[in-house]
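# Residue-level structural notes
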Amino acid sequence: ARISPRNLHWEHFLLAEEDNKIVGLRQVKVHKGGTREVASGYVVPEYQHRGISAQLMNEIFARESGPLYLMCNKKWKSYYEGFGFQDVKLKELPSDFYSEYLIGKVITTLVAIFAFKDLNIIPLKRMG
């Protein structure tokens, strides 16, 4: 799935299943200061474009009452805006999430350079 191995806690994952097979997942990471991040999303390729990711996102929103953050490749910004996420300035990020964002930015920049990929991660926020 190529999800970041940083701060994985399997008990925070939501799973989508079909015929006893995991077909999608998404996690809410809880950072040191309590900031909650929607992360680690993945849908098995043959199950993509069936609304599974949206169902997982909506289930997260049903369970979470406070603000949620995420970081994504800029090309996915409009997808997440459809769920109410909006641009957030770096100076407005909670310090625990800001630290994770900087680490992610460095890693994706290096990957982009060496893999010749267009990776430009941005932070977004959704009010609860």
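Residues numbered from 1 in each chain as written. Predicted model: local features only at pLDDT ≥ 70, side-chain atom pairs only at ≥ 80, totals over all residues. Heavy atoms only, no water.

Turning our attention to the pattern of salt bridges. As enumerated under the stated definition, the model contains five salt bridges in all. For the salt bridge of Glu64 with Arg36, the shortest nitrogen-to-oxygen distance reads 2.5 Å. Placement of the pair is Glu64 in the loop between helix H1 (52–63) and strand S4 (68–73) and Arg36 in strand S3 (residues 36–43), with a sequence separation of 28 residues. You can call Glu64 buried: its relative accessible area is 16%. A salt bridge links Asp87 to Lys77, with the nearest nitrogen and oxygen atoms 2.8 Å apart. With Asp87 in strand S5 (residues 86–87) and Lys77 in helix H2 (residues 77–81), this residue pair connects regions lying ten residues apart in the sequence. (Salt bridge = Lys/Arg side-chain N within 4 Å of Asp/Glu carboxyl O. Helix = DSSP H or I, 4+ residues; strand = E, 2+ residues; numbered from the N terminus. Buried < 20%, exposed > 50% of the residue type's maximum accessible area, 1.4 Å probe, protein only.)

Further remarks concern unusual backbone geometry. Non-glycine residue Asp19 carries a positive phi angle of around 50°. Looking at the element boundaries, Asp19 is found in the loop between strand S1 (13–18) and strand S2 (21–30). A relative accessible area of 72% places Asp19 in the exposed class. Even without a glycine there, the phi angle at His49 is positive, about 65°. Along the polypeptide, His49 turns up in the loop between S3 and H1. Given the relative accessible area of 82%, His49 is considered exposed.

All right, on to H1 then. With twelve residues, H1 should reach 16 Å at 1.5 Å per residue; the first-to-last C-alpha distance of 17 Å fits that figure. When we look at burial in H1, the residues that qualify are Ile52, Ser53, Leu56, Met57, Ile60 and Phe61. The secondary structure elements touched by the buried residues of H1 are S1, S2, S3, S4, H2 and strand S6 (121–126). (Expected span 1.5 Å × (residues − 1). Contact = heavy atoms within 4.5 Å.)

In this section: the environment of Trp76. Along the polypeptide, Trp76 turns up in the loop between S4 and H2. Between the C-alpha atoms of Trp76 and Ile107, which are 31 residues apart in sequence, the distance is 18 Å.

Before going further, it helps to examine the environment of Glu81. As for its placement among the helices and strands, Glu81 is situated in helix H2. Each C-alpha atom, one on Glu81 and one on Thr35, is 20 Å from the other, the two residues being 46 residues apart in sequence.

Turning our attention to the confidence of the model for the protein chain. When the pLDDT values of the protein chain are averaged, the result is 91; 95% of them are 70 or greater. Per-element confidence in the protein chain ranges from a low mean pLDDT of 89 for helix H3 (residues 95–115) to a high of 98 for S5. (pLDDT = per-residue confidence, 0-100.)

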